[in-house]
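Breakdown of the fold
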Amino acid sequence: MAHPLIEELTLEEKASLVSGASFWTTRPVERLGIEGATLTDGPHGVRMQTAGADHLGINAAHPATAFPTAAALGSTWDPELLEQVGQALGAESRALDVDVLLGPGVNIKRSPLCGRNFEYFSEDPLLAGELGAAWVNGVQSKGVGASLKHYAANNQETDRMRISAEVDERTLREIYFPAFERTVQQAQPATVMCSYNRLNGTFASQNRWLLTDVLRGDWGFEGYVVSDWGAVADPVAAVAAGLDLEMPSSGERGPKAIVDAVRNGTLSESLLDIAVSNVLSTHERLRAARPADETPQSVEQLAEQHHSLARRAAAAGSVLLTNEGALLPLDAENGGKIAVVGEFARTPRYQGAGSSHINPTRLDDALTAIGEATRREVVFAPGFAFDGSDEETLVAAALETAAGADVVFAFLGLPDAEESEGFDRTHMDLPANQLRLLAALRGTGAKVVVVLSNGAVVQLGEVVGNADAVLEVWLGGQAGGSATADILFGSAEPEGRLAESVPLQLSDTPAFVNWPGNQGKVFYGERLYVGYRWYDTTGRDVAFPFGHGLGYTTFGYSDARVTVPDPTVAAAVVEVTVTNQGTRAGAEVVQVYVGDPVAGVDRPVHELRAFAKVRLEAGESRRVRLELDERAFAFWSPNGWVVEPGEFVVQIGASSRDLRAVETITLDVPAPEPELGKEATFEEWMQHPQGAAVLGQFLSGLGEAGAMWRDPETQKLLGSMPLRSLISFSGRTDIDGTVAGLLNEVDKAAK
Ligand code: BGC
């Protein structure tokens, strides 16, 4: 709907409203009372710059809470918690006068090598979408807009501003779109940020199918589309495609090009009006959502409460990968010396580099937090330098420090230089000096607990072999250090579950041979088979499967039941009783996977279709109920979403490989009708309820040769033959006329 002020704006004013005023602001039109708005990064904290502006995280920013990165938040599997984090981010945005916070990033982790995986939630679209929607709902509850990014198929940093992601539509609809779709439909973000890359040859910023047909037409998006910073190559083509706001400011270049294009007739003014209306209406809606008498609290006032939330979230996203002999949690009161080894314990790596870089309100390091959490003797040695220097001296000193210790906490991970926005990793190894240190520590005979700080998965074979317990804390935000101490001594539970599979080695990963593309294109040749969809379908071993995570207690699953209320409707209800079988409270993530063993198209062996995080006291049981909707059974076809009738396998488990109950259900939905025409095959005609009889009659009418079609062997031979060939072999020359006649018969029979 056109905004009421459209009529009063001059062409120049309209063009000015669809291009930024500065690096972070939009333009006002004072004579009409139109205010500018401030947009800023996002997504793990509010990066409100106080000096020079940049999108690389270089210049200073106002202090703000650095929450755990999306890698950690993704591992919480906890939409409620993400909503709370969103609310806190919204409150800090209000405190700093930010109108739109640039996040969340819901791109799929296609390869462990993507330099920006730390900013994305998962390899699974349902999980990423549920978490994205919760985050957006939280932020927007404060009258601050979110910016869902980076739309779409931005799954690598290599050549990110030019590369064309070559992806077939089914893969987009089933893997790379649903997190955006779900977030739009459940949370209606104020803005969607288009990505830098091209999609199938066309820049996302100029892709009308992407920005208008799919986003608005199919999903009902109501906000505005903002460009990623500098993503607009052609401002006129961008407006024509449905891009509403170019950021940052391109000076007068963008507005002038748009004015000229409207004047010379190459851009319809109505398209510009749509973009202007989207921007104005969205900013108005955001402001209207704020209570008139609200005095936002300052970041300083919110800091303590938000630090506690960041601490809780960091523990909730930490994944206990192994825990031999229940070594963890450690007794904080009694026991021998604890050696803390590793530079990360003293100098935490708690956030990623690039546009999401936050100036934290405070920073907890694990070393201090461990010292405060225990009465036991704690000693420390850095063990390595981030730049790999002085290896021999540092290892020798660490061994000396660790001598006689009962337990070594080895803090390992990826230094800043190894992963960042802007480039991809070339391997998934931990630095070799850290692995050598770990092997040496193992030789001391002490129990070894490895704590990992990294934004994307690393190869873990050697780590697991040299450790009694492995705790993955990702980049856990400013309170990650204290959350780690909480977990090590058991005042918090490592509640996280893997939101991405940990492969054994890089060559096992699905995109391996297609990564990161070249000559301007990256082919998504693995199609739907991303993450566990690949490992589980091809039966490859992994180091740790999707959904895995131990916690400090164990859970039993019983009385699983899957009911289909009406078999003619694709929907089911899953119920299972989950019991905390241990002696302490804990959290479990119940996961439901669905497989379609016999299908008209290739499908992954199973896909996550529902999940629930349940917190239970020791001994407590709860009946968990999850709903599966039509989409849980559907695949994308050229005609849209399709559910085929027949059997589906519903699996309930604690990871994609730890399935505790499996039920088969039958859906009696109508079979999708094959599309008939001259290119439809004999087999497709025969599968069609009316087509079979019509074609049969036609063939029978061809005399003896034609009548042979009834023979099952002949049917096999004819199966893949298109109708046009069948007609041609019959000796008829008027193929189009014959096809039209047959289609007419089909129509008549259907009535
Ligand atoms: C990033 C975006 C970010 C923007 C503004 C871009 O380089 O891709 O995620 O929001 O800069 O800093």
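Above: the structure in question.
Residues numbered from 1 in each chain as written. Predicted model: local features only at pLDDT ≥ 70, side-chain atom pairs only at ≥ 80, totals over all residues. Heavy atoms only, no water.

**Brief notes about helix α10 (residues 269–288)**
Operational definition: What counts as a helix is a DSSP run of H or I of at least four residues, what counts as a strand is a run of E of at least two, and both are numbered from the N terminus. One less than the number of residues in a helix, times 1.5 Å, gives the span that helix is expected to have. Relative accessibility under 20% of the residue-type maximum defines a buried residue, over 50% an exposed one, and the middle range a partly exposed one, all with a 1.4 Å probe and only protein chains included.
End to end, α10 covers 28 Å across 20 residues, agreeing with the expected 28 Å (1.5 Å per residue, within 8%). Inspection of α10 places L272, D273, A275, V276, S277, N278, V279, L280, S281, T282, H283 and L286 among the buried residues, and these make up the whole buried set.

**Digging into the sheet that holds strand β22 (residues 621–628)**
Backbone hydrogen bonds are what pair the strands of a sheet, in a parallel or an antiparallel way. As a reminder of what qualifies: Here, a strand pair is defined by DSSP locating no fewer than two bridges between the strands. Lines fitted to the C-alpha atoms define the axes, with helices restricted to the stretch that makes contact. Angles between their N-to-C directions range from 0 to 180 degrees.
Spatially, β18-β19-β22 is the arrangement adopted by the three strands of the open sheet, whose pairing is antiparallel. The sheet is open, and its two edges are formed by β18 (555–563) and β22, each paired on a single side. Pairs of neighbouring strands in the sheet enclose a mean axial angle of 20°, with direction left out of account. Bridge count for β18 against strand β19 (residues 572–580) is seven bridges, and the pairing is antiparallel.

**Considerations on the packing of helix α20 (residues 691–700) against helix α24 (residues 735–750)**
Stated formally: If an angle is under 35 degrees, it is roughly parallel; if it is over 145, roughly antiparallel; if it lies from 65 to 115, roughly perpendicular; otherwise it is oblique. Two helices crossing with the near one rotated counterclockwise from the far one by less than a right angle form a left-handed crossing, whereas a clockwise rotation gives a right-handed crossing. For this analysis, residues touch if any pair of their heavy atoms sits within 4.5 Å.
Between α20 and α24, the shortest axis-to-axis distance is 9 Å and the interhelical angle comes to 135°. In terms of orientation, α20 lies oblique with respect to α24. Here α20 runs over α24; the crossing is right-handed. Side by side, α20 and α24 meet where G691, V694, L695 and F698 of the first sit next to T738, L742, E745 and V746 of the second.

**Remarks on the side chain of T509**
The cut-off we apply is this: As used in this structure description, the phrase polar contact means that two N or O atoms lie within 3.5 Å; if the pair is within protein, one of them must be able to donate a hydrogen and the other to accept it, and residues adjacent in sequence are counted only when both atoms belong to side chains.
Within the secondary structure, T509 is located in the loop between β15 (502–503) and β16 (521–523). At a separation of 2.7 Å, a polar atom in the side chain of T509 contacts the main-chain carbonyl oxygen of L506. Setting aside residues up to four positions removed in sequence, T509 forms contacts with P112, P503, W534 and Y535.

**Structural notes on the packing of helix α3 (residues 79–95) against helix α11 (residues 299–317)**
It is at 10 Å that the axes of α3 and α11 come closest, and there the two elements cross at 155°. It follows from the interaxial angle that α3 and α11 lie roughly antiparallel. The two elements α3 and α11 cross, and the hand of that crossing is left-handed. Residues L81, Q84, V85, A88, A91, E92 and A95 of α3 touch α11, and the partners they reach there are V299, L302, H306, L309, R312, A313 and A316.

**Focus: the site of the ligand**
The line we're drawing: Here a residue is considered near a molecule or strand provided that any single heavy atom belonging to it is located within 4 Å of it. Methods summary: accessible areas were calculated by the Shrake-Rupley approach with a probe of 1.4 Å, and residue burial reflects only the protein chains presented. For this scheme, ten residues count as nonpolar: Ala, Val, Leu, Ile, Met, Phe, Trp, Tyr, Cys and Pro. Four count as charged, namely Asp, Glu, Lys and Arg, and the remainder, Gly too, count as polar.
Residues in contact with the ligand amount to 15 residues; listed here are only the nearest, D41, R116, H150, Y196 and D228. Contact distances for the ligand include 2.7 Å between an oxygen atom and a side-chain N or O atom of R116. Here an oxygen atom of the ligand sits 2.7 Å away from a polar atom, N or O, in the side chain of D228. In the complex, the protein chains occlude 100% of the 310 Å² of accessible area that the ligand would expose alone. Tallied by class, the residues present in the shell around the ligand amount to five nonpolar, three polar and seven charged.

**Comments concerning the environment of A417**
Along the chain, the position of A417 falls in the loop between β12 (407–413) and α15 (432–442). With 30 residues separating them along the chain, A417 and D387 place their C-alpha atoms 8.6 Å apart.

**Remarks on the sheet that holds strand β4 (residues 164–166)**
Ordered in space as β7-β6-β4-β16, the four strands form an open sheet in which the pairing is mixed. In the strand order of this sheet, the two ends are held by β7 (202–203) and β16, each with one partner. Note: β4 against β16, three bridges, orientation parallel. Across the sheet, residue S164 finds its bridge partner in β16, namely K521.

**Examining the nonpolar core**
Side chains of a nonpolar character, in soluble globular proteins, are inclined to be buried together. Under the convention used in this document: Within this scheme, the nonpolar core is defined by two criteria: the residues are buried Ala, Val, Leu, Ile, Met, Phe, Trp, Tyr or Cys, and they are joined through side-chain atoms within 4.5 Å.
The biggest cluster of nonpolar side chains holds 78 residues, and the ones touching the most others in it are Y151 and L608. If you tally residues by element for this core, the top one is helix α4 (residues 125–140), at nine residues. Each residue touching Y151, except ones within four places of it in the same chain, is listed here: F177, F180, V192, M193, C194, S195, A204, L210, L211, V214, L215 and W219. Residues A71, A72, L321 and A485 belong to the second largest nonpolar core, which totals 66 residues.

**Focus: the pattern of salt bridges**
Stated formally: Should a side-chain nitrogen of Lys or Arg be within 4 Å of a carboxyl oxygen of Asp or Glu, the pair is scored as a salt bridge.
On inspection of all chains with the given rule, the structure shows 53 salt bridges. E252 serves as the salt-bridge partner of R27, at 3.0 Å between the closest nitrogen and oxygen. Pair noted here: R27 is in the loop between α1 (11–17) and β1 (39–41) and E252 is in the loop between α8 (235–241) and α9 (253–263), with a separation of 225 residues, a long-range link. The exposure class of E252 is exposed, given its relative accessible area of 52%. A salt bridge links E526 to R110, with the nearest nitrogen and oxygen atoms 2.5 Å apart. Taken as a pair, E526 in the loop between β16 and α18 (532–538) and R110 in the loop between β2 (100–102) and α4 lie far apart in primary sequence, 416 residues in all. In this pair, the class of E526 matches that of R110, namely buried. The network of salt bridges with shared partners includes R116, E119, E157, R160 and E421.

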